[in-house]
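# A structural walkthrough
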Amino acid sequence: MKISDKLAARQTFSFEIFPPKGDLPLEKAYEVASSLAEHRPDWISVTYSAGGSGNSENTVAIAGDIEGKLDTSALAHLTCMGATAADVDAYVASLAAAGVENILALRGDRRPGRDVVDFAHASDLIAYLRQNHGDLCIGAACYPEGHVESPSEDESYQSLYLKQEAGADYLVSQLFFNNEDFYRFREKCLRHRIKLPIVAGIMPFTSVKQIQRMAFNCGASIPVKVVKRLVQAGDDPEAQAQAGIEYACEQLEDLAANGVDGLHVYSMNKPFIAAAAATAMRACGYIA
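Computed from a prediction, not measured in an experiment: that's the story for all the values here.

The next thing to look at is the nonpolar core. Formed by 94 residues in total, the largest nonpolar core has its most connected members in Phe 13 and Leu 263. The element that contributes the greatest number of residues to this core is helix H10 (residues 237-257), accounting for 7 residues. Among all residues touching Leu 263, those that are not within four sequence positions of it are Thr 12, Phe 13, Ser 14, Val 199, Ala 200, Leu 252, Leu 255, Ala 256, Met 281 and Tyr 286.

Right under this line is the structure:
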């Protein structure tokens, strides 16, 4: 089922999984996906291979298993940096063969040796998919605190508007730790004529090092209340992880109460994070 149809019908709840790297077998990834599916999410997204290496075979295999074996909608990521139109066509064909009709269209990280070929921006990819594979449901990324590469706020919103006009069906947000940032972003989207459904993405922090890395890579600000939680957790890794999960659940509960279009949990292949989020959402009546 298309995610756009789900968003039109109700508030959604979903998870993310990333393909295995190194010696981790696909079977393990399927076990993780199975654990996530037990919570009956509206969909499970599958990133475009671990670390953005472009090894799409694992993405297709996992997404296909989610659709075919777990009876859950799969959202397959697709990055276009360094890709040709032929690469995109082949990937879409492989997804179609696996029964996957939902794609999250992304530019991907800039890396040495990954230069622009046929697509310079995610909006270029979205336009190509809409024109050549119009039956797909296409999602796009958004950034509540602005994209780290955007020189100005106006340019960041203009980029989102271009994604909408290119044919995106909905938006999924980058992680954030202050819900007020998301609410301001949602209001500003309307001012900039961006009317797509916006799914709020939440990633629980599990350690001091992890949150520092996320803040640097994604440009997410760390509120004082998060710092206080980490200070109270001290050097105990388990206490740090518990603090992060509890904080994320509080974010989710507040977002649900404030009428977001959907909630997406970046569960980092950790079923216990998904379980905690689902439990919190059931307790507040967001999901059954």
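With that settled, consider the packing of aromatic side chains. The full count for this structure, using the stated rule, is 10 aromatic pairs. An angle of 15° between the planes, with centres 5.2 Å apart, marks the rings of Phe 176 and Phe 182 as stacked. By the ring-pair criterion, three or more aromatic residues cluster together here, those being Tyr 157, Phe 176, Phe 182, Tyr 183 and Phe 185. The lysine or arginine in question, Lys 69, covers the ring of Tyr 30, its NZ or CZ lying 5.4 Å from the ring centre.

Time to look at the packing of helix H2 (residues 26-37) against helix H3 (residues 56-68). At a closest axis distance of 10 Å, the pairing of H2 and H3 adopts a crossing angle of 40°. Judged by the inter-axis angle, H2 sits oblique to H3. Handedness of the crossing formed by H2 with H3: right-handed. Contacts between H2 and H3 involve Leu 26, Ala 29, Tyr 30 and Ala 33 from the first element and Asn 58, Ala 61, Ile 62, Asp 65 and Ile 66 from the second. Among the residues forming the contact of H2 with H3, the class breakdown is 7 nonpolar, 1 polar and 1 charged.

Turning our eyes to something else, we now look at the sheet that holds strand E2 (residues 43-46). Spatial strand order, E1-E2-E3-E4-E5-E6-E7-E8: 8 strands in a closed barrel with parallel pairing. Taking each pair of neighbouring strands and ignoring which way they run, the sheet shows an average axis angle of 30°. Alignment of E2 against strand E3 (residues 73-79), held across 4 bridges, turns out to be parallel. Residue pairing across strands places Trp 43 opposite Ser 73, the latter belonging to E3. In the packing of H2 onto the sheet, the strands contacted are strand E1 (12-17) and E2, and the crossing angle to E1 comes to about 165°.

Right, let's talk about the packing of H3 against helix H4 (residues 85-97) for a bit. It is at 9 Å that the axes of H3 and H4 come closest, and there the two elements cross at 25°. Regarding the angle of H3 to H4, the classification is roughly parallel. Crossing of H3 against H4: the hand is right-handed. Here H3 contributes Ser 56, Thr 59 and Val 60 to the contact with H4, which in turn contributes Tyr 91, Ser 94 and Leu 95.

Right, let's get into unusual backbone geometry. For Arg 193, which is not glycine, the phi torsion reads 65° and is therefore positive. Structurally, Arg 193 can be placed in the loop between helix H7 (179-191) and strand E7 (198-202). Phi is positive for Met 268, close to 55°, though the residue is something other than glycine. Locating Met 268 in the fold gives a position in the loop between strand E8 (262-265) and helix H11 (271-283). When its relative accessible area of 15% is taken as the criterion, Met 268 is described as buried.

The subject of this paragraph is the confidence of the model for the protein. When pLDDT is averaged along the protein, the result is 93, and 96% of the positions lie at 70 or above. In the predicted structure, residues 50-54 sits below a pLDDT of 50 and forms 9 contacts with residues beyond four places in sequence or in another chain.

Basis of the calculations
Residues numbered from 1 in each chain as written. Predicted model: local features only at pLDDT ≥ 70, side-chain atom pairs only at ≥ 80, totals over all residues. Heavy atoms only, no water. Core = buried A, V, L, I, M, F, W, Y, C linked by side-chain atoms within 4.5 Å. Buried < 20%, exposed > 50% of the residue type's maximum accessible area, 1.4 Å probe, protein only. Helix = DSSP H or I, 4+ residues; strand = E, 2+ residues; numbered from the N terminus. Contact = heavy atoms within 4.5 Å. Phe/Tyr/Trp six-rings, centres within 6.5 Å; stacked < 30°, edge-to-face > 60°. Lys NZ or Arg CZ within 6 Å of the ring centre and 35° of its normal. Axes fitted to C-alpha atoms, helices over the stretch in contact; angles between N-to-C directions. Parallel < 35°, antiparallel > 145°, perpendicular 65-115°, else oblique. Left-handed = near helix turned anticlockwise from the far one by under 90°. Nonpolar A, V, L, I, M, F, W, Y, C, P; charged D, E, K, R; others polar. Pairing = 2+ DSSP bridges. pLDDT = per-residue confidence, 0-100.

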